[in-house]
Amino acid sequence: MSDDRQPAVRRLAVVSDADLRTDFVMAAYDENQRRLTSFAYALTRDADAADDLVQETFLRLVKEHAAGREPENVTAWLYRVCSNLATSRGRRGVVARKFLERRPAEETEVAAEIEILRHELSETLLAALTILPDDQRSALVMAAQGFSGREIADALGRTETSTRTMMFRARERLRTFLVAEGVAR
Amino acid sequence: MTHDHEAAQLAVASLDFELTPAERTRMEAGLAACPECAAIAASHIGLQGMLQQLPVHDASLIVRQRVMRAALVPPRRSQWQVLLVAAALLGLMLAGAAAVGAFRSQPVDQLTDVPSSSPPALGDVVSPEPSPSVDPSASPSDGGGSAFGAPLPHDSIAEVVSGRLRIRSQPRVADDSVKYEPLLGVGARLMILDGPVTANDYDWYQVAAWDPKDPQATFPAGWVARGDHDGTPWISEAADVCPTGEVTIADVVGLAPAERVACFGHRELRLRAFVTDGSESYACTADPGCTNDGPSWLTDLGGSTAEVDAQSAAAGNGPILAIDPDGAVRDRSMPSGVMAILDGSFDAPAAQQCRALAGSSAGPTTDLAARLQCRARFVVRDVTVDPAYPKLGAAVTATDRLRVRSTPGLDGARYELLAKGTPVWVVDGPVVADDYEWFQVIVPSLEVDGAPRVGWVAQSDHGGERWLSGRTLECPAPSDVTVADLARLMGTGESHGGLTCFGDEPITFKGEVEMSCGEARPTWLVQPDWLGPHALYTVAISDGTDVVNAHFRPELGLPKSCGGQDTSIHTIQAHFDDGDAATCEAPTPGGTSASDARALVGYWCRTALVVDSIDPMPGAAGS
């Protein structure tokens, strides 16, 4: 039914809260969806799963706003929720395992099709990230996206000191692994 | 890296954090003095550069649409707010109409833009089915935009919000669009399979329907209109259907089959679930209720389901399992009657090959609805069963001090604390309660009111440490058993040893025979009385040192008397787990639960040694 057929009074029923909420949520969406989806993809290595996580994260933001709870730092809040969702759904392990199982076959196909070196590197890095515990992986991906240590600590709900220690361990563990794999020096 | 590499650590920290001036000084001095630190730091900087090359992804457009839609729909208003809105609506639209009742009774075409020249068939739609009414609890803003806002997405779950909704065979009001029965009531749920198709000024959706309030009711697949011409919805998206957080088998069992598809799609799931014994699977086409044609591994009937535990398996609400032909599982390796970790997913791509079986007697369906049934199978790619997991009818021991309780769960009355190594017999389970998996066990070494203790124990702690483990018994060959062996295996601490070793296999042994009499007025009156624990007449078989009691069927013709020892050596054939044990029963003495009584009586009858024949040894001296 087109708008001109819509009874005028129906418009009265639209509460302005909805407009405010839509503005708020969609502004947060447009500002964060790309890096959050990239983040979710780095955690899950599965585009559908990343979509699911991002959608669920923003639906929770809708609920928060509707309940009158607007996060103080929306970006940090989004990352925290997304990271928690990824952990609690246990997707990471499954997807990582799936990747490791199929990796040899993929590599053969990839070699035959001449993939871009950068793509291979990304895939290798993403696979390597799966050796890290959830929090460490989230922290390194956020750091790669340009978040400061303080922002990462905020998003993960940790202190700066413990985040600093955790991130050092994560970086060192990843580096050692990649050196052993011949990917890094 | 060692503590000596503080400079490297500080350099790495500086990638993400502000260093204090003192730290910065130490870092710079350290890097200058320690070439290895500098190399490590450079390696980390290189790694950071690599991480910055991680791929960039945008969410699908549909995600944006869904988020926007969710943001647009205001939270449910309180009743008085709804009434105010309804009153405003009425006042403006129906100046002159006195009351809501009048609104309800108006023909729908007076409230909408349906032209008066609408085809006579329209009356068929406006009343009585779908039979719209103004429901004050339904938020008018469920619509908006093009009457109802964005189209209902395919594979989403909708709910009937206005009662008596009609399913039709075609997306239109016409003679060739068959009106199906039964009508859908408020709260019935729908999986959106196709649509919208606009016809007769309605938006039609193809749906598969079910009623959560009446799970037995079945509805033909077909088309329903989304709502009235004035924007009053008859169906709207169902909220909060899908579980959040880690998906458990309890979450899955709590959802209707279509909801599992809608919530999880083809996502990889790892479920710890009780795999039912299941029935042997058979070709779908061999069943009159079959509606599907497609890959046999997705359409065959029977087979196992995944359930929360053995108790809930009786309801059979869990997803039907299919075995991925390309997975690691084979038909024969599919476990049954145990807890297993199942790796798999719903919505197998091969389900797209499923079609409605022409001429099915199960009622009308559509290809999409038939496909949905295939999609709702949980396709198992891999399965893991802990070989040490307790099995029913198995002898196990407590690996630690273990509390026996009256019922499964921490609310159960606390019975004894078993010492480490206590033999128990597993009767029933697992039952999941309070996040533990419980088994009903019999503890032969604990006697309570003349019977072994029956109770429930948890099989492991939350970390997976086992509290029960399988017990290995020293079992002689069935043809080479001695009375001493049987006395050892049937001792009071573990009267199920013979059953554990031999099952129902015949055994042969030698001994002296004496008729024996039981209690005249036992507490438990087990039927059949010759097999029960207090059978009036049994045979005591002795090797001169050890003695075991055996039961015998009346038709064996042994003299029923007490005493009468035959000191000559006889060859005895006997067995455990007699076929009649399956039907053993007894009136339950006061204070014993039916569950405990069933467990005890079954235990007594199955562990009884039953004589098949007693023959004198050739050349043996008679008494």
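These figures come from a predicted structure and were not determined experimentally.

Some points on the overall build of chain A
- Along its length, chain A carries nine helices and zero strands.
- The linear arrangement of helices and strands in chain A, starting from the amino end, is α-α-α-α-α-α-α-α-α.
- The buried share among the 185 residues of chain A stands at 50%.
- Of the contacts formed within chain A by residues at least 6 apart in sequence, a portion of 68% connects residues at least 24 apart.

Points about the environment of leucine 178 of chain A
- Its place among the elements puts leucine 178 of chain A in helix H9 (residues 160-180).
- It is 7.3 Å that separates the C-alpha atoms of leucine 178 of chain A and alanine 128 of chain A, two residues lying 50 residues apart in sequence.
- Leaving out residues up to four positions away in the same chain, leucine 178 of chain A has contacts with Leu125, Ala128, Val183 and Ala184 of chain A together with Leu47 of chain B.

Brief notes about helix H14 (residues 594-607) of chain B
- Over its 14 residues, H14 of chain B extends 20 Å from the first C-alpha to the last, a length consistent with the 20 Å expected when each residue adds 1.5 Å.
- In this structure, the buried side of H14 of chain B is in contact with strand S18 (423-433), strand S19 (436-448), strand S20 (451-458) and helix H13 (497-502) of chain B.

Observations regarding H9 of chain A
Residue and element names in this part refer to chain A.
- Along its 21 residues, H9 runs 30 Å from first to last C-alpha, staying within 8% of the 30 Å computed at 1.5 Å per residue.
- Where H9 is concerned, the buried positions are Thr163, Met166, Met167, Phe168, Ala170, Arg171, Glu172, Leu174, Arg175 and Leu178.
- Positive backbone phi, at 80 degrees, marks glycine 182, one or two positions downstream of H9.

Observations concerning the side chain of aspartate 211 of chain B
Residue and element names in this part refer to chain B.
- Tracing the chain through its elements places aspartate 211 in the loop between strand S3 (202-210) and strand S4 (222-225).
- For the buried aspartate 211, no salt bridge is present, and the opposite-charge side chain at shortest range is lysine 213, 4.6 Å distant.
- Engagement of the side chain of aspartate 211 in a polar contact is seen with the backbone nitrogen of lysine 213, the distance being 2.9 Å.
- Excluding anything up to four places from it in sequence, aspartate 211 contacts Ala188 and Phe219.

A few points about unusual backbone geometry
Residue and element names in this part refer to chain B.
- Following glycine 195, the chain continues into proline 196 via a peptide bond in cis, with omega recorded as 0 degrees.
- Among the structural elements, proline 196 can be located in strand S2 (residues 189-199).
- Here glycine 429 and proline 430 are connected by a cis peptide whose omega angle stands at 0 degrees.
- Here proline 430 shows up in strand S18.
- Here the phi dihedral of aspartate 434 falls at roughly 55 degrees; this positive angle occurs in a residue that is not glycine.

Some thoughts on the nonpolar core
- Phe58 and Leu129 of chain A together with Leu51 of chain B are the most contacted members of the largest nonpolar core, which has 56 residues in total.
- The element contributing the most residues to this core is helix H2 (residues 16-44) of chain A, with 11 residues.
- Once residues within four sequence positions are removed from consideration, leucine 51 of chain B is found in contact with Leu125, Leu129, Leu140, Ala144, Arg171 and Leu174 of chain A.
- In terms of nonpolar packing, the next biggest core, distinct from the first, is built from 44 residues, Ala451, Val526, Leu531 and Ile572 of chain B among them.

What to know about the state of the cysteines
Residues and elements named next belong to chain B.
- According to the stated counting rule, one finds five disulfides over all chains in the structure shown.
- The disulfide bridge from cysteine 34 ends at cysteine 37, spanning 2.4 Å between sulfur atoms. Because the sign of the S-S torsion sets the handedness, a value of about 80 degrees for the bond joining cysteine 34 and cysteine 37 places this disulfide among the right-handed ones.
- Each sulfur in the disulfide pair cysteine 584 and cysteine 605 lies 2.0 Å from the other. Looking down the S-S bond of the cysteine 584 and cysteine 605 bridge, the torsion is -95 degrees, so its handedness is left-handed. Of this pair, cysteine 584 sits in the loop between strand S25 (563-575) and H14 while cysteine 605 sits in helix H14, placing them 21 residues apart in sequence.

Regarding the sheet that holds strand S14 (residues 378-384) of chain B
Residue and element names in this part refer to chain B.
- Taken in spatial order, the five strands line up as S10-S6-S12-S14-S11 in an open sheet, and their pairing is mixed. Each having just a single partner strand, strand S10 (306-307) and strand S11 (321-323) make up the two edges of the open sheet.
- Pairing of strand S12 (residues 338-345) with S14 involves five bridges; the strand directions are antiparallel. Within S14, the residue paired with serine 345 across the bridge is valine 379.

Cut-off values and rules
Throughout, residues of each chain are indexed from 1 in the direction in which the sequence is written. Starting at A for chains and at 1 for ligands, labels are handed out in the order in which the entities are written. Thresholds applied to this predicted model are a pLDDT of at least 70 for local features of residues and 80 or more for the giving and counting of side-chain atom pairs; totals over whole chains, interfaces and linings are not thresholded and use all residues. Just so you know, side-chain values use all the structure's heavy atoms and leave hydrogens and water out. Comment: elements are numbered from the N terminus, with helices defined as DSSP H or I runs of at least four residues and strands as E runs of at least two. Categorising residues by exposure relies on relative accessible area from a 1.4 Å probe, with only protein chains included: less than 20% of the type maximum marks a residue as buried, more than 50% marks it as exposed, and the intermediate range marks it as partly exposed. The criterion used for residue contact is that any of the two residues' heavy atoms lie within 4.5 Å. Between the first and last residue of a helix there are one fewer steps than residues, each counted as 1.5 Å, and that sum is the expected span. Positive residues here are Lys and Arg, negative ones are Asp and Glu, while His and the chain termini are left out of the count. Each reported salt bridge corresponds to a side-chain nitrogen of Lys or Arg within 4 Å of a carboxyl oxygen of Asp or Glu. Distance and chemistry together define a polar contact, namely a pair of N or O atoms within 3.5 Å, with one atom able to donate a hydrogen and the other to accept it when in protein, and with adjacent residues in sequence counting only for side-chain atoms on both sides. Among the buried residues, those of types Ala, Val, Leu, Ile, Met, Phe, Trp, Tyr and Cys that are joined through side-chain atoms within 4.5 Å form a nonpolar core. Counting rule for disulfides: a pair of cysteine sulfur atoms within 2.5 Å. Two strands qualify as a pair provided DSSP detects at least 2 bridges between them.

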